[in-house]
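# Coordinates in review
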Amino acid sequence: MEKVKRKISRTHVIALIISILLFFVGILMGLQFSYYGMSEVERGFEELKNDEYIMEILILMDESDELSCGFYEKQMEKFNSDTYEFAKMLDRAENAKGKYDPEVMKLKSSYSLMELRDSLLLKQIEKKCNISKIIVYYFYSNGEDYDPRRDQGKVLDMVKRESPFIMIYSFDINARSPVTDLMRKKYNITSVPAMIINDKKYEGFRNYDELTKIIEAEI
Amino acid sequence: MILEYLLQFLAIYLLILYLLKFAEEREQLIDPEPKRFPKVSIIVPAWNEENTIAPTIDSLLNLDYPENKLEIIVVNDGSTDRTLEAAKSYEDKGVIVLDKENGGKGSAMNMGIERATGELIASMDADSFATPDSLKNIVGYFEDQNVAAVSPMMKVHKPKTIIQKIQRIEYMMMISMRKVLSFFDGIPVTPGPLSVYRASVFKELGGFEEDNITEDQEMALRIQKAHYKLKCAVSSVVYTSAPPGIRGLLNQRVRWNRGWLYNLLFRKKGKYIKLMRPEYGDFGILYAIAFIGIFLSLTVLLYSSTKLILNWISHPPFYYYISLLGSDFSNTNFSLFYMFLNPLHLFLITILLFTTIFMFFVVRTIAKESDIIKYYFGYLVIYWPMMSIFWIVTFLYEIKDLIFGRSYKWYGKE
């Protein structure tokens, strides 16, 4: 037998060059997609904000109550539904980019402010039109202490599907938002998950049956 | 995160390397025609194979090879079933049957090697079946005086269960990669079913290690260390039995994994980690990349598994299912492009793309099977998580050995 003369093929060099190029193209594309993804989320938020401003202006300018309460009610329900869906989009962006991504945190803070304004707008419409909605402020944590066994959000989803007159405004206590901090202080929220349902505080997880009973008592 | 990026870079690099080499050396896919037919001694070590030994011997007797140049030696390794009787029934057909106390495959092979008179010596697992021209298609490689051993194309014999069908895909991937590795002189193992060695290899380098649970891998590494060539004959087809269930597959793969680690890091007679040097050319580099890749994969796997297990202890998985049941998927605005917010996902897609190309062109060309795409999805979804779990089990054995002392054995029926 004869020994083989070992060599290192130049194929390694070509493969390395192609891999490095692919890698950098991938990184750049990933960053571009990331930027595009966040732009979409921000665009969605701008649209929501504009809808909210329009509602606010309509209410302020409608001194002679020309627009019917039915119209306001429908608009608020739609707006709340859109806002709730946007929250899920924001959660997904947060999962993809990380909890402490500066862009996500900034957006969450602005979102909390929009939610609070929305709930105040709703209260104005309630007074104006003598209608009654069940307003739920939902405080949760998306941090290290997140417990899927106590995901109140999922239970709220189920209840809202059956009772569309429930208006849910969610606040992530990890989002470092001055609005969320204000709300926590106002309602003295000491632990999460917590809900303020028509100004009544409920701290601790409530399952579907318990939550349905609470909602029925408010109707 | 950095480890994951590094891992994905290695995976992309290896796949591109293989595809480039395949394109470069396509004419080597044709196995050389034999100019002569040297005498071949085929050794069949057998332990409790009463159900398969007869068809194995039948397949060897049916080989399209000059009868006077073929010697079949069955070594019964202390079987407790009727393997010996089944083998002895072939003595009138010229099959030599040797009997010994149980000592493992390595010792059975060595007994056969001592008895063998061929210029070439083949090993044959007692649960494998050679096709008639499998031997003829291998011997042509030995015209090259650098070649010390040649392995055939192994395929799964009559896959019935899902586990066997997935292994069928895996074997085709392995053979295709081994063929491309042979272009680099980089084959790291000569598996049991009909691997053929030059007899002088055993005279020069010694017989199989008898206390090694992957003695075929160790022999291949020994050959590489001695700077001889290992080749792969893709037109030489041998069918082998694959474990039908998870338990058998687990036993087999844990043995393979442990054997690999042993040969690399713990072998008393010399650790093969020393082969990861430029003096071993392409083989040294590829061996190093494989080691780094497996080490990185295991680090990421162990880290993720530990995190998952700790999470499960505090948040039992049952509650994940309950919360999932509560989800309203019809309401979610799921949009695929949000997945791409992470470049890692992009690389995963790239790797899948290259693997698919590899499957289609390389595997189809080398393994000559066209229905592989049917089970490709199952292979991706089931195989890789399963192999990860097998590596975790491997590590548990290694930890056990660290505490209680080293012990290597066959872990049960495979």
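In this text the structure is predicted, and so the values were computed from the model without any measurement.

Let us look at the packing of helix α2 (residues 69-97) of chain A against helix α4 (residues 152-162) of chain A. All names here are of chain A. Taken N-terminus to C-terminus, the directions of α2 and α4 make an angle of 150°; their axes are 13 Å apart at the nearest point. Here α4 runs roughly antiparallel to α2, going by the angle between their axes. Here α2 runs over α4; the crossing is left-handed. Packed against α2, whose contacting residues are Asn-80, Tyr-84 and Lys-88, the element α4 presents Gly-153, Leu-156, Asp-157 and Lys-160 at the interface.

Attention shifts here to the environment of B:Ser134. Residues and elements named next belong to chain B. Looking at the element boundaries, Ser-134 is found in the loop between β5 (128-130) and α5 (136-139). What makes Ser-134 buried here is its relative accessible area of 0%. Expressed as a C-alpha distance, the spacing of Ser-134 and Gln-224, which sit 90 residues apart in the sequence, is 24 Å. Once you skip the residues sitting within four places of it in the chain, Ser-134 turns out to touch Leu-63, Leu-194, Ser-236, Val-237 and Val-238. Polar contacts involving the side chain of Ser-134 include one to the main-chain carbonyl oxygen of Thr-131, which spans 2.6 Å.

Here the focus is the side chain of B:Arg267. Residues and elements named next belong to chain B. Assignment of secondary structure puts Arg-267 in the loop between α9 (246-266) and α10 (281-314). Take Arg-267: its relative accessible area is 7%, and that puts it in the buried class. Engagement of the side chain of Arg-267 in a polar contact is seen with the side chain of Glu-209, the distance being 2.5 Å. In terms of polar contacts, Arg-267 uses its side chain to reach the side chain of Glu-218, at 3.2 Å. Here Arg-267 is in contact with Glu-209, Glu-218, Tyr-262 and Tyr-272, once residues within four sequence places are set aside.

This next bit is on the nonpolar core. All names here are of chain B. Of all hydrophobic cores here, the largest spans 72 residues; its most connected members are Val-180, Ile-223, Val-363 and Ile-366. Broken down by element, this core gets its largest block of residues, 11 residues, from helix α1 (residues 2-24). When sequence neighbours within four positions are dropped, the list of residues in contact with Ile-366 reads Phe-22, Leu-29, Met-153, Ile-175, Ser-176, Lys-179, Val-180 and Val-234. Core analysis: the second largest hydrophobic core is formed by 34 residues, Ala-46, Ile-57, Leu-135 and Ile-138 among them.

We now examine the confidence of the model for chain A. Mean pLDDT for chain A: 83, with 95% of residues reaching 70 or above. For chain A, α2(A) is the element with the lowest average pLDDT, namely 78, and strand β3 (residues 194-197) of chain A is the one with the highest, namely 93.

Conventions used here
Residues numbered from 1 in each chain as written. Chains lettered and ligands numbered in written order. Predicted model: local features only at pLDDT ≥ 70, side-chain atom pairs only at ≥ 80, totals over all residues. Heavy atoms only, no water. Axes fitted to C-alpha atoms, helices over the stretch in contact; angles between N-to-C directions. Helix = DSSP H or I, 4+ residues; strand = E, 2+ residues; numbered from the N terminus. Parallel < 35°, antiparallel > 145°, perpendicular 65-115°, else oblique. Left-handed = near helix turned anticlockwise from the far one by under 90°. Contact = heavy atoms within 4.5 Å. Buried < 20%, exposed > 50% of the residue type's maximum accessible area, 1.4 Å probe, protein only. Polar contact = N/O pair within 3.5 Å; in protein donor to acceptor, adjacent residues only side chain to side chain. Core = buried A, V, L, I, M, F, W, Y, C linked by side-chain atoms within 4.5 Å. pLDDT = per-residue confidence, 0-100.

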